[in-house]
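What follows is each chain in one-letter form.
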Amino acid sequence: MRLSRAARMVTVAALCPLAACASSGMKVDLDPARSAVAEARQAGAPTRSADAFHRAEQHLQDAEKLVVAHGGRREREGAQRAADLALVEAHCATALSRALIQTEQTTTKAAAQVAASTAEVDRLNARLKKAEDDQHRLEDKIAVLSRDLEVTETELIRTKARLKGNETKAEASAAIAEARILAGRLGEDKPQSSVLGRSEESLAKAEEQLTQGNFGAALFFASKAQDLVAHAGQGAEDTQSAPAAAASPAPRLPFLTSYTSRTAARIRKGPALSEDVVGYLPAGTQVTSEAVSGEWVRVTYRGLSGWVHSSLLQ
């Protein structure tokens, strides 16, 4: 059934108030925006992300003003848009502020680590400088002692040459030979190369004095070479085995073996360089072995029985 024009006008007039009521019932929710702004403030946004936070506050204030005004549909829609903008700006301010806080914390921690590392480097540099200073002082002291030693050795050589003591060529030659034995062992130990160099210097001086007929000085330098090697730890095995060898009789060989001394050799009480010297075996002397203990051979020369290192025999 078609309505007349008058009826349609009446119907439209009746519906308009209902539409206005529906429009006037629109509610603007500002709580999310207010919570977001409060969260941003708590996160330190007013100082760390001031621009975004101020925009969020401004949008929220605009929304609140429009809501308080009790305007129509347009005002309420404007209030909702302002609230949405405030929410977005507040979230941005919060995120930026927290990112800056994390960056600050990381930077502070890194700065503390750098400061600690710098302090440690300074301490190490100070220790290194002290060690270098100590080394320089030690080198200076060694230089002074070396000069004093040279003076002392020179005076000793002169004194020995003038006094012509009881030392014989055989004794000096035997001491040099034994020093050569120890130096040969030390040469196998690379870390002891510096000690070997000093012992070689003493042996060179000993042989020079032996050539010049100053047997006392030759014996002194040969003994010095032996002491250098002994202090380096060589011959420790011989020293430890000496008491056992002295306590028990040396094993007898099933047959006798003849040897000839390569050079003048010391005859020792026991089979070790640490044992006392009881006599000397001249170079080229033929002897017969009675027993063997490691590198040592027991011989008897002119009624004197003792031990000679096997490297001095052939």
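Residues numbered from 1 in each chain as written. Predicted model: local features only at pLDDT ≥ 70, side-chain atom pairs only at ≥ 80, totals over all residues. Heavy atoms only, no water.

A. Quick peek at the pairing of strand E4 (residues 286–293). Examined bridge by bridge, E4 and strand E5 (residues 296–301) share 3 bridges and lie antiparallel to one another. Counted as the bridge partner of Ala291 is Arg298 from E5. Counting the residues that bridge the hairpin from E4 to E5 gives 2 residues, and of these Gly294 lies at a positive phi of roughly 65°. (Pairing = 2+ DSSP bridges. Helix = DSSP H or I, 4+ residues; strand = E, 2+ residues; numbered from the N terminus.)

B. Spatial organisation of helix H7 (residues 193–211). For H7, built from 19 residues, the straight-helix expectation of 27 Å at 1.5 Å per residue is met to within 8% by its first-to-last C-alpha distance of 27 Å. For H7, the set of buried residues is Val195, Leu196, Ser199, Ser202, Leu203, Ala206, Gln209 and Leu210. All buried residues of H7 fall inside an arc of 145° around its axis, so they share one side. Exposed side of H7, more than 90 degrees from the buried face: Glu201 and Thr211 are the residues found there. (Expected span 1.5 Å × (residues − 1). Buried < 20%, exposed > 50% of the residue type's maximum accessible area, 1.4 Å probe, protein only. Arc of directions from axis to C-beta.)

C. The arrangement of the pairing of strand E2 (residues 265–268) in detail. In E2, alternate side chains face the same way, and those of Ala265 and Ile267 on one face and Arg266 and Arg268 on the other are all buried. Pairing between E2 and strand E3 (residues 277–281): 4 bridges, direction antiparallel. Looking at E3, one finds that Arg268 is bridged to Val277.

D. Representation of the nonpolar core. Counting 18 residues, the largest nonpolar core has Val37, Phe53 and Ala93 as the members making the most contacts within it. At the level of secondary structure, the elements contributing two or more residues to this core comprise helix H2 (31–42), helix H4 (50–68) and helix H5 (73–163). For Val37, the contacting residues outside a window of four places in its chain are Phe53, Ala56, Glu57, Leu60 and Ala90. Of all hydrophobic cores here, the second largest spans 14 residues; its members include Ala172, Leu196, Phe221 and Ala225. (Core = buried A, V, L, I, M, F, W, Y, C linked by side-chain atoms within 4.5 Å. Contact = heavy atoms within 4.5 Å.)

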